[in-house]
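Geometric and topological summary
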Amino acid sequence: MQAPVHVVILAAGLGTRMKSRRAKVLHEAGGLPLVEHVVRTALAVAPPERVFVVVGCQAEQVRAAVSRYSVGFIEQGEPKGTAHALLVGRDRLEPLGGLLTVLYGDCPLLTPATLLRLIAQQQASDAAATVITTRLEDPSGYGRVIRDEQGGVLAIVEQKAASPAELAVNEINSGIYCFRSDLLWRYLPEIRPDNPAGEYYLTDIVGILRREGHKVQALFLEDSTEVLGVNTRVDLARADALLRARKTQELMLEGVTIRQPETVTVDCDVRVGADTVIEPFVQILGRSVIGRDCRIGTGSILRDVELGERVDVRPYTLIEEARLEDDSRAGPFARIRPATHLGAGAHVGNFVELKNTRLGARSKANHLAYLGDAEIGADCNIGAGTITCNYDGERKHPTRIGNRVFVGSNATLVAPIELADDCYVGAGSVITEPVPSEALALGRARQVIKEGWVRKRREATKP
Ligand code: UD1
Ligand code: MG
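Residues numbered from 1 in each chain as written. Chains lettered and ligands numbered in written order. Predicted model: local features only at pLDDT ≥ 70, side-chain atom pairs only at ≥ 80, totals over all residues. Heavy atoms only, no water.

Put simply, Gly331 and Pro332 share a cis peptide bond, and its omega is 0°. If you trace the backbone, Pro332 turns up in the loop between β24 (329-330) and β25 (335-336). The omega torsion of the bond from Ala415 to Pro416 falls at 0°, within 30 degrees of zero and hence cis. Within the element layout of this structure, Pro416 appears in the loop between β35 (412-414) and β36 (417-419). Phi is positive for Asp293, close to 55°, though the residue is something other than glycine. Turning to its location among the elements, Asp293 is positioned in the loop between β17 (289-290) and β18 (295-296). (Helix = DSSP H or I, 4+ residues; strand = E, 2+ residues; numbered from the N terminus.)

Right, dumping it as structure tokens:
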């Protein structure tokens, strides 16, 4: 029978090298906090009741970042090192027996497939532990892996405690291990903080296990990107770029065209339908869901949007928390703010801003308008420069526009206001009273013509 597996994620450190007030594992890569990536990977190999996150620095925020996964938490209090982080959970973890997998919360690129390989290799062996290692051109900052002649792992030496010969080793410790739980708990208390940093190093367990006659083996990865640990902002940028490259590649393989993918930012949880085209320098963020056959024009930024099929987002358009139905169009240079809904085939053009507004099917607001807190029916034309005056300095008021309404250019609709079906508003009008169905509303000064006015003025002012 295979030994049951549980996973502990160490996420209690502040991350001094980030030079941040925020705990390191809360910093984001690929649009998610680092620790969230690790929790997701852990959940691919164990159910939530067998996954634990060790929290310490900003424990409340770290818990909140992953609370929706229903994993367990262990409080470390003051972080005194990676071995201490495990020891504080002894009461809860030791009774679980089987295999204990340790992941570090600052290692967001590890894939479930590699984690499964680690566990399988440990299951199949008589070793006390298996550790993932890789080779780095520049191993600085990482623990070095010291091997014996048979290829077994003899020790892991931390940078701060390493001799010059050990520093020259470029095989490094990923910080991802699978331990036989009984042996880990037997020897973990022997780790002492007798190193220049004064920390309880989990990596010392390897030397102890060897001294006690146990084997420790390595799972060596040729591709080192999966085990990149984030310690500085430079590492963070690298992890972010790698996660994003992974995401765009996944989308392209699912049938999405991405032009110059290295310029495109897509968060991990975004979904995009096949045959959609994403142009250069686009950002698609949060939990956006984009249908098939859409086009997202260059320079556009979309956050938490829902797009139907064949939606045309023209260049340099910002859309946030909005839904755009099939065949609708927005931009170039449009701004669509939260709680906005574009009906099927609706058009919003350049320099148009919408907020908390429904624009009905096939309705158009093509140039230079502000529509806020408005409900607009189907087949309307909202002229250039139309403004809904939704704010009186104290409160917001609604504008309701029926179907097939024509609002002339530069109309000012003072809310609360209602325009009934099939009415017209003359250009330049200030509308303060409701407009009935099929009426024409004019709210502007009548034009005056003064014949010969120029000639008379010229003669009157002659020297
Ligand atoms: C660690 C390893 C190093 C390895 C590297 C891989 C140790 C001693 N060293 O070094 O061999 O090459 O990771 O990325 O383990 N944490 C706690 N409580 C603590 C200390 C740390 O929960 O008391 C957490 C941190 O929040 C972090 C993780 O453990 O998520 C790793 O800590 P970090 O300080 O980044 O260790 P490294 O110096 O990177
Ligand atoms: Mg680290």
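Coordination of the magnesium ion (ligand 2) by the protein is provided by Asp106 (OD) and Asn231 (OD1), with metal-donor distances spanning 2.1 to 2.3 Å. Of this pair, Asp106 sits in the loop between β6 (99-104) and α5 (112-123) while Asn231 sits in the loop between β11 (216-221) and α9 (233-253), placing them 125 residues apart in sequence. Asp106 sits in the buried class, given a relative accessible area of 13%. (Donors = N, O, S within 2.8 Å, 3.2 Å for Na, K, Ca; no water. Buried < 20%, exposed > 50% of the residue type's maximum accessible area, 1.4 Å probe, protein only.)

Take the packing of aromatic side chains next. Throughout the structure, instances matching the rule amount to five aromatic pairs. Centroid distance Phe333 to Phe351: 5.4 Å. Interplanar angle 10°. Geometry classified as stacked. One end of the pair, Phe333, is in the loop between β24 and β25; the other, Phe351, is in strand β27 (residues 347-355), and 18 residues separate them in sequence. Owing to a relative accessible area of 41%, Phe333 belongs among the partly exposed residues under this scheme. Put simply, the rings of Tyr104, Tyr177 and Phe179 touch in pairs and so form one group of aromatic residues. One residue, Lys396, lies across the ring of Tyr391, its end atom 5.5 Å from the ring centre. (Phe/Tyr/Trp six-rings, centres within 6.5 Å; stacked < 30°, edge-to-face > 60°. Lys NZ or Arg CZ within 6 Å of the ring centre and 35° of its normal.)

This part covers the sheet that holds strand β20 (residues 306-307). With parallel pairing, nine strands are arranged side by side in an open sheet as β14-β17-β20-β23-β26-β28-β30-β33-β36. In the strand order of this sheet, the two ends are held by β14 (271-272) and β36, each with one partner. Inspection of the sheet shows strand β33 (residues 399-401) paired to β36 by three bridges, in the parallel sense. Within β36, the residue paired with Thr399 across the bridge is Ile417. (Pairing = 2+ DSSP bridges.)

Bringing the site of ligand 1 into the picture now. The environment of ligand 1 is formed by 24 residues, the closest being Gln76, Gly81, Tyr104, Glu158 and Asn173. At 2.8 Å from a nitrogen atom of ligand 1 is found a side-chain nitrogen or oxygen belonging to Gln76. A distance of 3.3 Å is found between an oxygen atom of ligand 1 and a backbone nitrogen or oxygen belonging to Lys80. If you map ligand 1 onto the pockets, it falls in the largest pocket. Those elements that provide at least two residues to the shell around ligand 1 are α3 (82-87) and β10 (171-180). Residues that form the shell around ligand 1 fall into these classes: nine nonpolar, 10 polar and five charged. (Near = heavy atom within 4 Å. Polar contact = N/O pair within 3.5 Å; in protein donor to acceptor, adjacent residues only side chain to side chain. 1 Å grid on protein atoms, 1.4 Å probe; cavity = no way out; pocket = protein on both sides within 12 Å on 5 of 7 lines; lining within 4 Å. Sits in = over half its atoms within 2 Å of the grid points. Nonpolar A, V, L, I, M, F, W, Y, C, P; charged D, E, K, R; others polar.)

What the domain assignment lists for the chain is domain 1 (5-227) and domain 2 (247-441). Placing the centre of domain 1 and that of domain 2 at their C-alpha centroids yields a distance of 48 Å. Contacts between the two partners involve six residues from domain 1 and, on the opposite side, four residues from domain 2. Connecting domain 1 to domain 2 are one salt bridge. Across the salt bridge formed by Arg40 and Asp269, the nearest N and O atoms sit 2.8 Å from each other. For the pair domain 1 and domain 2, the interface holds two residue pairs in polar contact (both at pLDDT 80 or more). Within the side of domain 1 that touches domain 2, the residues separate by chemical class into one nonpolar, three polar and two charged. (Domains from an automatic or database assignment. Contact = heavy atoms within 4.5 Å. Salt bridge = Lys/Arg side-chain N within 4 Å of Asp/Glu carboxyl O.)

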